[in-house]
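# Chains, contacts and geometry: an overview
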Amino acid sequence: MLVEHLEHRIEHRSLNRHRCCSGRRLHPDSSLTGTITAGGSSAQANAETAWTAAYTAQVKGVTVNYDKSQGSGGGVTNWLAGSYDFAGSDAPLKADQQTSSQAICGTGGGLNLPVYLDGVAIIYNLPGVSALNLSTNTLADIFALKITTWNDPAIAADNPGVSLPATAITTVTRSDGSGTTQNFSNFLSAAAPSIWTFPPTNTWPIAGTSAQKGGSGVVQAVGAGAGTIGYADHSAIGTATAATINNVAFSQAGATAAFTAGATTVPTTTGDLSQKFDYSKLTGPSIYPIPLISYQIVCSTFKDPAQAALTKSYVGYVASSVGQQIAQKNAGSAPIPDSMLTQIQATLATVK
């Protein structure tokens, strides 16, 4: 009921803007019936819960099942196997996955639609240190296991006046195929290439870390162990303490500013909206330097027209200003800019 009430308040505030500018319907088709089966990104999980509650409050004949347990990698795998109507993934399809998607989607393949925007938070557990700043190079050295104690001179230089203990650093990473890992490694590879010499990947490339399944596993491990540091989608960190990166704290406005300043569409097929960041543009006090874009991946042509109608309705609702504000209020994510939402709606109109 709270989500539904929130949705009505958001719609009331946004009504005139939608009517004059967006051309998007505020309400999905309430006559639809059926079940949407999806899964993947754990970063999207809180937003999916809010979206599902708000959507099914209006479309009472539709059930939406979203499984976050397998992460982005498992979500894409299950979607390619034909088990999901859409995949949630914090990274667009790779070239070989795009080719494989033609088996379930026809020659047009899959479409990557950026519906969720947040940031990769660097969380730590260091008793006595309530505020911590890490520069890009120091962060890369820590996760490359080149800095191994908290009182290392590089960390001290980033935090003048802070008393840092000689505690050993335990680096906590993801054990599963993870889009959060992909986004974080994209940043490390681009922003600190002389230190982080590994190619961007959704699988953590270094042995010797505390590897945990899912973003929740990382958050729990950091919370349970003094001296730990890890990474997770900001919406999932709960009460964990996050470091500032280059003296910039995560904010919703900072994530949206990063999208506006540095994201470029690099389509793999007609209508695809895959994004790529130019991290050299993600500088300054108002831009969070490690943004995270998450996608809902759908077929350009569904084998079952009924499932196409259901999925288009739900994804279209998510990719509306109302849907974005619901995620912002309930999951702490940042709204996708309206210009991109308009492009997503145009792509969905071509889906069959």
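None of the values given here were measured: they were computed from a predicted structure.

Reading the values: the criteria
- Residues numbered from 1 in each chain as written.
- Predicted model: local features only at pLDDT ≥ 70, side-chain atom pairs only at ≥ 80, totals over all residues.
- Heavy atoms only, no water.
- Helix = DSSP H or I, 4+ residues; strand = E, 2+ residues; numbered from the N terminus.
- Rg over C-alpha atoms; globule rule 2.2 N^0.38 Å.
- Buried < 20%, exposed > 50% of the residue type's maximum accessible area, 1.4 Å probe, protein only.
- Contact = heavy atoms within 4.5 Å.
- Areas by Shrake-Rupley, 256 points an atom, 1.4 Å probe, with all protein chains shown as cover.
- Expected span 1.5 Å × (residues − 1).
- Polar contact = N/O pair within 3.5 Å; in protein donor to acceptor, adjacent residues only side chain to side chain.
- Disulfide = S-S within 2.5 Å.
- Pairing = 2+ DSSP bridges.
- Phe/Tyr/Trp six-rings, centres within 6.5 Å; stacked < 30°, edge-to-face > 60°.

Summing up its helical and strand segments, the protein chain has 13 helices and 13 strands in all. The C-alpha radius of gyration of the protein chain comes to 20 Å, within 12% of the 20 Å expected for a compact globule of 352 residues. Counting only C-alpha atoms, the protein chain reaches 60 × 45 × 35 Å along its principal axes. Here the protein chain, with 352 residues, has 55% of them falling under the buried criterion. Of all intrachain contacts in the protein chain linking residues separated by at least 6 positions in sequence, the fraction that spans at least 24 positions is 75%. For the protein chain, the accessible area works out to roughly 13,900 Å², and carbon and sulfur atoms hold 53% of it.

With that settled, the discussion passes to helix H2 (residues 45–58). Here H2 spans 20 Å end to end across 14 residues, near enough to the 20 Å set by a 1.5 Å rise per residue. For H2, the tally of buried residues reaches 10 of 14 residues, placing the bulk of the element in the interior. Where H2 is concerned, the buried positions are Ala-45, Ala-47, Glu-48, Ala-50, Trp-51, Thr-52, Ala-54, Tyr-55, Ala-57 and Gln-58.

Attention now moves to the environment of Thr-347. Turning to its location among the elements, Thr-347 is positioned in helix H13 (residues 338–348). Taking the C-alpha atoms as reference, Thr-347 lies 8.6 Å from Leu-113; in sequence the two are 234 residues apart. Among the polar contacts made by the side chain of Thr-347, one reaches the main-chain carbonyl oxygen of Gly-271 at a distance of 2.8 Å.

Attention shifts here to the state of the cysteines. Where two cysteines share a covalent bond between their sulfur atoms, that bond is called a disulfide. For the structure shown, the criterion picks out 1 disulfide. Between the sulfur atoms of Cys-105 and its disulfide mate Cys-299 the distance is 2.0 Å. Between Cys-105 and Cys-299 the disulfide shows an S-S torsion of about -60°. By sign, it is left-handed. With Cys-105 in helix H5 (residues 102–105) and Cys-299 in strand S13 (residues 291–299), this residue pair connects regions lying 194 residues apart in the sequence. Given the relative accessible area of 4%, Cys-299 is considered buried.

In terms of burial, strand S4 (residues 110–125) is largely enclosed, as 16 of its 16 residues are buried. With 9 bridges connecting them, S4 and S13 associate as antiparallel partners. Following the sheet pairing, Gly-119 is matched in S13 by Pro-291. As paired elements, S4 and strand S8 (residues 228–233) share 6 bridges and run antiparallel to each other.

Tallied over the entire structure, the rule returns 16 aromatic pairs. The interplanar angle of 50° and the centroid separation of 6.4 Å between the aromatic rings of Tyr-124 and Trp-150 together place this pair among those described as tilted. Of this pair, Tyr-124 sits in strand S4 while Trp-150 sits in the loop between helix H6 (136–143) and helix H7 (153–158), and the two are 26 residues apart along the sequence. For Tyr-124, a relative accessible area of 4% puts it in the buried group. Taken together through their ring pairs, the aromatic side chains of Phe-143, Phe-184, Trp-196, Phe-198, Trp-204 and Tyr-231 make up a single cluster.

What follows deals with the environment of Trp-196. Tracing the chain through its elements places Trp-196 in the loop between helix H8 (179–191) and strand S7 (210–212). Taking the relative accessible area as the measure of exposure, Trp-196 reaches 1% and is therefore buried. For the pair Trp-196 and Ser-185, spaced 11 residues apart in the sequence, the C-alpha separation amounts to 8.5 Å.

The side chains of a regular strand alternate between both faces of the sheet. Buried residues dominate S13, accounting for 9 of its 9 residues. Pairing analysis gives 3 bridges linking strand S3 (residues 86–89) to S13, with the strands arranged antiparallel. The partner of Ser-89 across the bridge, within S13, is Tyr-295.

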